[in-house]
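Understanding the architecture of this molecule
As a plain string of letters, each chain reads:
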Amino acid sequence: MTCAGISSALLAISLMTPRGCLMQRVRAATDGTGLAETRVRFLTEESVQNHKVRDPILASWKRSRHSRVAADRVEIPYIADPDLESPLARSAAPVLSSLHEYLGGQPISIILTDSSGLVVSRLCGDSGIERHLDRVLLAPGFSYAESYVGTNGIGTALEDGGPAHVFGHEHYAENLEDLACAGVPIQHPVTGKVVGAVDLTCWRSDAGPLLIALAKITAAQIRQSLLMEATIHEVDLLQEYLRVCRRSAGIVLALDTNVVMMNDFARTMLCPADQAALLLQAGEALKAGRRTEVLVLPSATTVKVYVRPVEGSASAGVVHAKIVEQASSRPAVLGSTIRMLLPGLVGTGPVWRHACDEVEAAYAAGDWLAVTGEPGVGKLAVLRAVLQRRNPAGRFTALEATSRDIRRALLEDPPGAVVLRHLERLGTAGTRALSATLQEAALRPGMWVALTGLPTDEILLRLFPTTADIPPLRHHIEDLQLLVPFFLSRLGFGGKLTCSPEAMQTLMRAQWPGNVEQVLHTLRCVVEHRRSGVIQPQDLPSDIGSVSRRRLSPLESLERDAIAQSLANSHGNKAVAASALGMSRATIYRKIHQFGIVPPTTEAGP
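Along every chain, residues carry numbers that run from 1 in the direction the sequence is written. Predicted model: local features are reported for residues with pLDDT of at least 70 only, side-chain atom pairs are reported and counted for 80 or more only, and whole-chain, interface and lining totals are derived from all residues. The basis for every side-chain value is the complete set of non-hydrogen atoms in the structure, without hydrogens or water.

Another aspect to go through is the overall build of the protein. Helix and strand content of the protein: 23 helices and 19 strands. Partitioning the contacts of the protein with sequence separation of at least 6, the portion at a separation of at least 24 is 65%. Total accessible area on the protein stands at roughly 28400 Å², and carbon and sulfur atoms take up 52% of it. Put simply, DSSP H or I for four residues or longer makes a helix, DSSP E for two residues or longer makes a strand, and each gets a number counted from the N terminus. Here, residues are in contact when the closest pair of their heavy atoms is within 4.5 Å. Note on areas: these come from Shrake-Rupley sampling with a 1.4 Å probe, and a residue is covered only by the protein chains present in the view.

If you look at the biggest cluster of nonpolar residues, it comprises 43 residues, and the most contacted ones within it are Trp368, Leu420, Leu438 and Trp448. Ignoring sequence-local partners within four residues, the contact set of Leu420 consists of Leu399, Ile406, Leu434, Leu438, Val449, Ala450, Leu451 and Thr452. Judged by nonpolar contacts, the second largest core, of 28 residues, contains Phe486, Leu497, Trp512 and Val526. Think of a nonpolar core as a cluster: buried Ala, Val, Leu, Ile, Met, Phe, Trp, Tyr and Cys residues, connected wherever their side-chain atoms sit within 4.5 Å. Here the term buried applies to any residue with accessible area under 20% of the maximum for its type, exposed to any over 50%, and partly exposed to those in between, with areas from a 1.4 Å probe on protein chains only.

With phi around 55°, His422 is a residue other than glycine that occupies positive phi space. The phi dihedral of His571 is positive, around 55°, even though this residue is not glycine. Summarising the element assignment, His571 is placed in the loop between α21 (554–569) and α22 (574–581).

Once that is clear, we can look at the sheet that holds strand β13 (residues 369–372). Spatial strand order, β14-β15-β16-β13-β17: 5 strands in an open sheet with parallel pairing. The open sheet terminates on both sides in strands that have one partner only, identified here as β14 (396–400) and β17 (466–469). Taking each pair of neighbouring strands and ignoring which way they run, the sheet shows an average axis angle of 20°. Following DSSP output, two strands are said to pair if at least two bridges run between them. Bridge count between β13 and strand β16 (residues 448–452): 3 bridges; the pairing is parallel. The residue of β16 that forms the bridge with Leu369 is Ala450. Angles shown run from 0 to 180 degrees and are taken between the N-to-C directions of axes, each axis being a line fitted to C-alpha atoms and, for helices, limited to the stretch in contact. Packing of helix α13 (residues 350–365) onto the sheet brings it into contact with β13, β16 and β17, and relative to β17 it is tilted by some 155°.

Let us look at the packing of aromatic side chains. Any Phe, Tyr or Trp ring, taking Trp's six-membered ring, that has another such ring centre within 6.5 Å forms a pair; planes under 30 degrees apart are called stacked, those over 60 apart edge-to-face, and the others tilted. Scanning the entire structure with this criterion turns up 5 aromatic pairs. Centroid distance Phe42 to Trp61: 5.4 Å. Interplanar angle 45°. Geometry classified as tilted. Placement of Phe42 in helix α3 (residues 33–43) and of Trp61 in helix α4 (residues 55–66) is noted, with a sequence separation of 19 residues between them. Relative accessible area serves as the criterion here: at 3%, Phe42 is assigned to the buried category. For the ring pair Trp368 and Phe464, a centre distance of 5.5 Å and an interplane angle of 45° mean the geometry is tilted. Remark: Phe464 occurs in the loop between α17 (458–463) and β17 and Trp368 occurs in the loop between α13 and β13; sequence separation between them is 96 residues. Sitting over the ring of Phe42, Arg65 keeps its end group 4.0 Å from the ring centre. Should the NZ of a Lys or the CZ of an Arg lie within 6 Å of a ring centre and within 35 degrees of the ring normal, that charge is described as sitting over the ring.

Taken together, the 5 strands give an open sheet; going across it, the order is β7-β6-β10-β9-β8, and neighbouring strands pair in antiparallel fashion. Both outer strands of the open sheet, β7 (260–262) and β8 (292–296), are each paired with one neighbouring strand and no more. Direction aside, neighbouring strands of the sheet carry axes that sit 25° apart on average. In this structure, β8 lies alongside strand β9 (residues 302–309), joined through 5 bridges in antiparallel fashion.

Here we come to the pattern of salt bridges. Just to be clear on terms, a salt bridge is a Lys or Arg side-chain nitrogen sitting within 4 Å of an Asp or Glu carboxyl oxygen. Summed over the entire model, instances satisfying the criterion amount to 19 salt bridges. Arg54 is the partner of Glu170 in a salt bridge, and the nearest nitrogen-oxygen pair spans 2.8 Å. In this pair, Glu170 sits in the loop between β3 (164–167) and β4 (179–187) while Arg54 sits in the loop between α3 and α4, placing the two residues 116 residues apart along the sequence. The buried category is assigned to Glu170, whose relative accessible area is 1%. With a relative accessible area of 26%, Arg54 lands in the partly exposed category. A salt bridge links Arg390 to Glu360; its shortest N-O distance comes to 3.2 Å. Linking Arg390 in helix α14 (residues 379–390) with Glu360 in helix α13, this pair joins segments that are 30 residues apart in sequence.

In structure tokens:
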């Protein structure tokens, strides 16, 4: 945005509205002792007459009170260093810099936040207001989300999804009553998602309608700058997506490496697992050049998919899908909707199927194989399943790489398949000895060997020319829809115990650092106390309700588990859970956000 562009916008607004007159009228309606008294009445749980405060502000006050935001102080944790290299920050920088230059010296602060309310940048033209903003922590790295600060231009705009202006005593926290702010969400021009907000903050005495008008103009200019940064393929993808939406009924998706769009019909008709599976399989079809496919989704819904690539890109395209057969609303029963990918294995995720195919292809070709992947992903299970399909009567031996029985299994026992696990536990001398034994075994007809782990020894690299990586569960999370009933059946509860949609949603949102093995362990814990009926979120172990995005310290893990358990005991009622733990509701809201805890469905309370 150029200085001339901003000047023209300001001039147009100034000509349309006599600035001083409107400023005075706005302050009269939104400031003064009347509003201050109304706010105090609200905070002391007294009745408030609606005409005394604007509807959006009253609604925000109520949300702030429910979140137990402190009204007498500003308490905000430092969240994180802002990402100044994000597309939003890069696109907004020249726009905000030009506006700052035009306003030079005026007591107005220009603030950019991300979609969560985290302050990314702040430009101030006056040292007095800059010092005040520092005192109330309206600074980069701190979040002005409504759940932290209560009613304010940034958080309320993001919460309402539209422009918000907050003057003086309309702020929920009294430390902000000397300020006026106007915030406007910024939508990405291609995806339509809210990616941040721009806020203009000044002294309450200087505020007027020009503030919100200028904030709207600035947000529009940042949106235009984002569009200029978008690649030509993203723009073409958006245009093709809108064209298909206008002309076609049914499910419409658009996908590229960094962009996913989905129409409301798709969100309504497909559960999250089906959405994820459709996106993955449609992306696979797009890359493979397939234009029409019939897919069976995890819920057993059958869809016919039409793929339209965007010219000039191998990964961008629009997908139109029609539902051929709707899945039954009954819970999945083993044998009716679960098909085995390999003996003893289920799953339809493309990355999971690809990994299994790689292992089977290596065995069919006689190539010795190194199988890699995180703990618990099922490396040994895939190897055993492939051998069971390809050579069900053959010998299958799995040994630790440190076992003393390796030489006998490789050189003395009848030829067959041998899997050596945990190669990384061998020292240098052990690796040399294993390499020598394997070189002898390679001369035996009918001998096939697989390793779990990636070899680094030069001889081992030659002996194991192929590597197959088994993906972590989070990369094919849609397969949980099949894994859960499969494991319940394996545990002896097939047909007796099913998983509710709410519990499945909680399972789908968990991180699963222990992968498939952790899922089985979790269900073992569940069936210890529930052996029939329907599994509900409160039946799940407390740590499954957490989707924390970082590794926690032991103390934080204990705190997270205590909060998750308390929320489960209170059926998701945060006020009851906070009271049981001896903490304020504002604290439990902050901890839930900090640890990424997914509370159970609330039966009562906020």
